[in-house]
Amino acid sequence: MARRVGLLTSGGDCPGLNAAIRGFGKAALGTHGIETLGFLDGFRGLVENRFVRLESDELSGILTDGGTILGTGRDKPHKMPTNGRSEDRTGDAVNTYQRHGLDCLVCIGGGGTQKNALRLQEAGLNILTLPKTIDNDIAFTEASIGFDTARQIAAEAIDRLHSTATSHQRIIVVEVMGHRAGWLALASGLAGGADVILIPEIPYDVGKVAAAVRERARAGKRYSIVAIAEGAMNADQSEEITGLIEARRTAESKRDRQKLSAKLEAFHRDHTDHTLRLTHQLEEQTGQESRLTILGHLQRGGTPSATDRVLGTRLGTTAAKMAANGETGVMLAVLGDELRPIALSKVAGVKKLVPTDHAWVQAARDVGTCLGD
């Protein structure tokens, strides 16, 4: 039975993390008699042995707070910037774990966190993970901490943009987070009544989007709202990046893979302003004044929704019970009303993308929303 456990939050911040920390810490201490050390600033805190003891005072009053009391970061133990260069500091992470006599390390985070946690498991640590991401793209779980709040924030933003769009007869393009997966843009677009929703999984044709806007104008609609994921692409861009990814996958030499990786990085750098280009293209092709709103980190901030507070609490308390029972090597996934352990080796490195025949996609089509194809 576990007596001392470490806990960290990694990756991007989001509402609901403190609910999970509180749920785990209170259940660990009060129900199972487990001492919890909270490592600061993600995996870097583990590597550098920076921590706090999560006792009653530290866990009190944080349920409704956004962000994470432990801090977070995107550092990877096996590629950690140190003194101006990248070093493999997995050994330091293992040493910290052993120095404190930890029985388990709980990592709360998204896709990158799952991969980093698996590497630590392979280095000999007992690992449990909880799913957290506003993108909702972690495989084998139906929900992740932070998604519900971000969806609500984005939908409310779209609601507010309706009034200025109709007042000025404008096209308003709203960029929502989502690099490879379109769950957030699709859900908030549906909830906010966007007229066009563009997601990475469905390459779009600018001409078809413009045609949909012109058709609305002919029908007497004074404005249009376009909700677009930051990673959405037109058909040509999608074909280009698919080709680069496949070429890197099949490249025979390390040098060729490095060259292709550099091209992929350049593609993503050039793609950062694609929503601005789309906004200009729509204005040119429709003759309607067009404006771009980028929601950005607004979607990560603020008070967590009731759904995220409940989800974080359930995941945290269940993880504490699993740690007490010595159940490790898994991510705790949400499947319907149940929480189930999924092997970490099965989860790490797998993205949950929006199926093009998903019920949300079909619902959008049925209400006349243009998806750009």
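Residues numbered from 1 in each chain as written. Predicted model: local features only at pLDDT ≥ 70, side-chain atom pairs only at ≥ 80, totals over all residues. Heavy atoms only, no water.

1. Focus: the overall build of the protein
Applied cut-off: The numbering of helices and of strands both runs from the N terminus, where a helix is a DSSP run of H or I of at least 4 residues and a strand a run of E of at least 2. Atoms counted for the radius of gyration: C-alpha only. Globule rule: 2.2 Å times the number of residues to the power 0.38. Buried means the residue's accessible area, taken with a 1.4 Å probe over protein chains only, is under 20% of the maximum for its type, while exposed means over 50%, and partly exposed covers the values in between. The contact criterion used is simple: two residues touch if any of their non-hydrogen atoms lie within 4.5 Å. We get accessible surface area from the Shrake-Rupley algorithm with a probe of 1.4 Å; when it comes to residues, only the shown protein chains can shield them.
Scanning the protein for helices and strands turns up 14 helices and 13 strands. Taking 2.2 N^0.38 as the reference for a compact globule, 373 residues should give roughly 21 Å; the C-alpha atoms of the protein span a radius of gyration of 22 Å, in line with that estimate. Each principal axis of the C-alpha atoms in the protein carries an extent, and together these give about 70 × 50 × 35 Å. Relative to its 373 residues, the protein shows a buried fraction of 51%. Of all intrachain contacts in the protein linking residues separated by at least 6 positions in sequence, the fraction that spans at least 24 positions is 74%. Surface accessibility of the protein: about 16500 Å² in total, with carbon and sulfur atoms responsible for 46%.

2. Side note on the pattern of salt bridges
So the rule is basically this: Any Lys or Arg side-chain nitrogen located within 4 Å of an Asp or Glu carboxyl oxygen qualifies as a salt bridge.
For the structure shown, the criterion picks out 18 salt bridges. Close ionic contact of E48 with R50 constitutes a salt bridge, the shortest N to O distance being 2.9 Å. On the accessibility criterion, E48 (32% relative accessible area) is partly exposed. For R50, a relative accessible area of 27% translates into the label partly exposed. The residue D195 makes a salt bridge to R216 at a minimum N-O spacing of 2.9 Å. Of this pair, D195 sits in the loop between α7 (183-192) and β9 (196-198) while R216 sits in helix α8 (residues 206-218), placing them 21 residues apart in sequence. Taking relative accessible area as the criterion, D195 reaches 14% and is therefore assigned buried. Here the salt bridges do not stand alone but share partners, grouping D41, R44, E48, R50 and D75 into one network.

3. Here's the deal with the side chain of R89
Along the chain, R89 turns up in the loop between β5 (85-87) and α4 (90-99). Apart from the residues lying within four places of it in its own chain, the contact partners of R89 are V47, E48, P77, H78, M80 and T82.

4. Quick word on a positive patch on the surface
To keep things clear, this is the line we draw: Patches here are clusters of residues that have more than 30% relative accessible area and form no salt bridge, with a 9 Å joining cutoff for like charges and a 5 Å cutoff for nonpolar side chains (Val, Leu, Ile, Met, Phe, Trp, Tyr). Asp and Glu are treated as the negative residues and Lys and Arg as the positive ones, with His and the ends of the chain left uncounted. Think of each charge as sitting on NZ of Lys, CZ of Arg, CG of Asp or CD of Glu.
On the surface, K76, K79, K115, R119 and R180 cluster together to form a positively charged patch. Of note, R180 is situated in the loop between β8 (171-176) and α7. Taking the relative accessible area as the measure of exposure, R180 reaches 46% and is therefore partly exposed.

5. Quick notes on the sheet that holds strand β7 (residues 127-131)
Heads up, the condition is: Pairs of strands are assigned from DSSP output, requiring at least two bridges between the strands. Whenever a helix is involved, its axis is fitted only over the stretch in contact; in every case the axis is a line through C-alpha atoms, and angles between N-to-C directions fall within 0 to 180 degrees.
As summarised here, the arrangement of the seven strands in space is β3-β2-β1-β6-β7-β12-β13, forming an open sheet in which the pairing is mixed. The open sheet terminates on both sides in strands that have one partner only, identified here as β3 (51-53) and β13 (338-343). Within the sheet, the average angular offset between the axes of one strand and its neighbour, ignoring direction, is 25°. For strand β6 (residues 104-109) and β7, the ladder comprises five bridges, and the chain directions are parallel. In the sheet register, V106 faces β7, and the bridge partner there is L128. The sheet strands contacting helix α5 (residues 111-122) are β6, β7 and β12 (330-335), and the helix crosses β7 at an angle near 175°.

6. A few points about the state of the cysteines
Spelled out, the test is: Only a pair of cysteine sulfur atoms within 2.5 Å qualifies as a disulfide here.
Overall, the coordinates contain zero disulfides when judged by the stated rule. Sulfur of C14: no disulfide; nearest cysteine sulfur belongs to C107 and is 15 Å away.

7. Side note on a negative patch on the surface
Judged by side-chain charge, D205, D236, E239, E240 and D270 come together as a negatively charged surface patch. Broken down by element, the negative patch gets its largest block of residues, three residues, from helix α9 (residues 235-250).

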